Amino acid sequence: MRPYRYDIVGSFLRPEYLKEARAQHLEGKINDAQLREVENKAIKELVEKEKAVGLRAVTDGELRRRYWHLDFLASLVGVKEIKADHWSVAFKGHQPKAATLEIIDKIDFDENDAFLDHFSYLKEVAGDIDCKMTIPSPTMLHLICCVRGSESYQPIDRYKNEDDLYHEIALAYQKAIKAFYARGCRYLQFDDTSWGEFCDQSKRDDYASRGLDLNQIAKNYVKMINEALEAKPDDMTITMHICRGNFRSTWFSSGGYEPVAETLFGGCKIDGFFLEYDSDRAGDFKPLRFIKDQKVVLGLVTSKDPQLEDKEEIKVRIQEASQYVPLDQLCLSPQCGFSSTEEGNILTDEDQWKKLALIKEIAEEVWG
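Residues numbered from 1 in each chain as written. Predicted model: local features only at pLDDT ≥ 70, side-chain atom pairs only at ≥ 80, totals over all residues. Heavy atoms only, no water.

1. Quick notes on the overall build of the chain
Summing up its helical and strand segments, the chain has 12 helices and nine strands in all. Taking 2.2 N^0.38 as the reference for a compact globule, 368 residues should give roughly 21 Å; the C-alpha atoms of the chain span a radius of gyration of 19 Å, in line with that estimate. Taking the principal axes of the C-alpha coordinates as reference, the chain spans close to 55 × 50 × 45 Å. A total of 368 residues make up the chain; the buried ones form 58% of that total. Put simply, of all contacts in the chain between residues at least 6 apart along the chain, 78% involve residues at least 24 apart. Carbon and sulfur atoms form 46% of the exposed surface of the chain, whose accessible area is close to 15,200 Å². (Helix = DSSP H or I, 4+ residues; strand = E, 2+ residues; numbered from the N terminus. Rg over C-alpha atoms; globule rule 2.2 N^0.38 Å. Buried < 20%, exposed > 50% of the residue type's maximum accessible area, 1.4 Å probe, protein only. Contact = heavy atoms within 4.5 Å. Areas by Shrake-Rupley, 256 points an atom, 1.4 Å probe, with all protein chains shown as cover.)

2. So, empty space enclosed by the protein
According to the stated counting rule, one finds three cavities of 30 Å³ or more in the structure shown. Here the largest cavity defines a volume of roughly 110 Å³. What lines the largest cavity is a set of 13 residues, and nearest its centre among them are Trp 68, Asp 191, His 241, Cys 336 and Ser 340. (1 Å grid on protein atoms, 1.4 Å probe; cavity = no way out; pocket = protein on both sides within 12 Å on 5 of 7 lines; lining within 4 Å. Points joined across faces, edges and corners; volume = space filled by probe spheres on them.)

3. Quick word on the pattern of salt bridges
As enumerated under the stated definition, the model contains 30 salt bridges in all. Residue Lys 175 pairs with Asp 108 through a salt bridge whose shortest N-O separation is 3.2 Å. With a gap of 67 residues between them, Lys 175 in helix H6 (residues 162–182) and Asp 108 in strand S3 (residues 99–108) connect regions that are remote in the sequence. Relative accessible area serves as the criterion here: at 28%, Lys 175 is assigned to the partly exposed category. Asp 200 serves as the salt-bridge partner of Lys 203, at 3.9 Å between the closest nitrogen and oxygen. The pair Lys 203 / Asp 200 is uniform in exposure class, with both members buried. Connected through shared salt-bridge partners, Lys 311, Glu 312, Lys 315, Glu 361 and Glu 365 make up one network. (Salt bridge = Lys/Arg side-chain N within 4 Å of Asp/Glu carboxyl O.)

4. Here we look at the nonpolar core
Formed by 109 residues in total, the largest nonpolar core has its most connected members in Phe 180, Trp 195 and Leu 288. Broken down by element, the residue count for this core peaks at 10 residues, all from H6. Those residues in contact with Trp 195 that lie beyond four places of it in its chain are Ala 218, Tyr 221, Val 222, Ile 225, Met 240, Ile 242, Val 260 and Leu 264. Membership of the second largest hydrophobic core comes to seven residues, among which are Tyr 4, Val 9, Ala 57 and Cys 331. (Core = buried A, V, L, I, M, F, W, Y, C linked by side-chain atoms within 4.5 Å.)

5. Here we look at the pairing of strand S9 (residues 330–334)
For a regular strand, side chains alternate in direction, first toward one face of the sheet and then toward the other. With five of five residues buried, S9 lies mostly within the body of the structure. Pairing between strand S8 (residues 295–301) and S9: five bridges, direction parallel. Its bridge partner being in S9, Val 297 is matched across the sheet by Cys 331. For the crossover from S8 across helix H11 (residues 311–321) to S9, the handedness is right-handed. (Pairing = 2+ DSSP bridges. Right-handed = clockwise from strand over helix to strand, strands pointing away.)

6. Here's the deal with the sheet that holds strand S1 (residues 57–58)
Read across the open sheet, the seven strands follow the order S1-S4-S5-S6-S7-S8-S9; overall the sheet is parallel. One side of each edge strand has no neighbouring strand; the edge strands of this open sheet are S1 and S9. Inspection of the sheet shows strand S5 (residues 187–192) paired to strand S6 (residues 237–242) by six bridges, in the parallel sense. When the bridges of S6 are listed, Gln 189 appears paired with Thr 239.

7. Focus: the environment of Pro 334
With respect to the secondary-structure elements, Pro 334 resides in strand S9. A residue is classified by how much of its surface remains accessible, and Pro 334, at 1% relative accessible area, is buried. When neighbours within four sequence positions are excluded, Pro 334 is seen to be in contact with Asp 7, Ile 8, Val 9, Gly 299, Val 301, Leu 356 and Ile 359.

8. Quick look at the packing of H6 against helix H9 (residues 214–229)
Relative orientation of the contacting elements H6 and H9 amounts to 35 degrees, with a least axis distance of 8 Å. Handedness of the H6/H9 crossing: right-handed. In contact with Tyr 166, His 167, Ile 169, Ala 170, Leu 171, Tyr 173, Gln 174 and Ile 177 of H6, H9 contributes Ile 217, Asn 220, Tyr 221, Met 224, Glu 227, Ala 228 and Leu 229. Residues of the contact of H6 with H9, tallied by class, amount to 11 nonpolar, three polar and one charged. (Axes fitted to C-alpha atoms, helices over the stretch in contact; angles between N-to-C directions. Left-handed = near helix turned anticlockwise from the far one by under 90°. Nonpolar A, V, L, I, M, F, W, Y, C, P; charged D, E, K, R; others polar.)

9. Side note on the packing of helix H5 (residues 139–148) against H6
Between two packed helices, both the angle of their axes relative to each other and the distance between the axes serve to describe the pair. Viewed as axis vectors pointing N to C, H5 and H6 meet at an angle of 150 degrees, and their least axial separation amounts to 10 Å. One way to sum up the angle between H5 and H6 is to call them roughly antiparallel. Where H5 abuts H6, its residues Leu 141, His 142 and Cys 146 lie against Glu 162, Leu 165, Tyr 166 and Ile 169. Taken together, the residues of the contact of H5 with H6 sort by class into five nonpolar, one polar and one charged. (Parallel < 35°, antiparallel > 145°, perpendicular 65-115°, else oblique.)

Quick look at the structure:
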């Protein structure tokens, strides 16, 4: 049953030869087709490593992307990526290459979207193993344009009524869900940093000072996600990954899940939550009391540094979580991907595989 007892969030470190090819492509030294060949090689090699470490579902590592979210969101009809003076949130250290999004027309999903081909290639090289596709959550488009960018956001005439914006984002995601399903995708994940921000008291105070009601926005987000999920066939699993930022081993939000727990865990009809729980910044397990029948994948192993966690300490934390969610509903994974942007976190290729081997070992000892 998806999500699996030992699972992954999705992104992996880019091999050096892929980084070099991308730099050459940027300089015009190789064309799109040549870059795609290098990406294909890297993804094929990655899938073999994922199988070798014993994963039940593999991803393409997001190796074709610059960012975990902007590439997909900018591929939506009616959305444009634009340059920015600075990133929309401030990380605690390194800063990503600045870019943001603008809504310029009716939002829709293009049924020839390149991300569908990305999934088809993954499925082709993966063979008979389950394939997970990761895309940003429907919330992220609204968050970037209308919450983080609220001071400069000017809605186009079509979206003067914000309910229309929420509704048409949901409809675009319904089309995406159906299109991925038609390509053979049965395991889809929404990646979502909005909830991590909404848990952070300093960010809540800042947004409130701008006149934004995060409690109402949270309710709107759950409603929008649930509307998107109306397109989900019964034999498809859709999960959500929540974290507090991940770039070059840094982060941008802190705070436990309590401010959003009842709205999100109690109301969102997702099949499972991948929850960051690798540091004190994520708070305790008490907010999990609002979980209903969703599976909870505990992100107790950090992807931000190479140090291996203590196996017995992780087992103790799983037992602590089981006070709020039955053990049979729990799973284990890294707290985030290893490379949310093409730059990657500060650890080695060998380190990321050691982390996954440890997760598998712990899961087998806990659940059999």
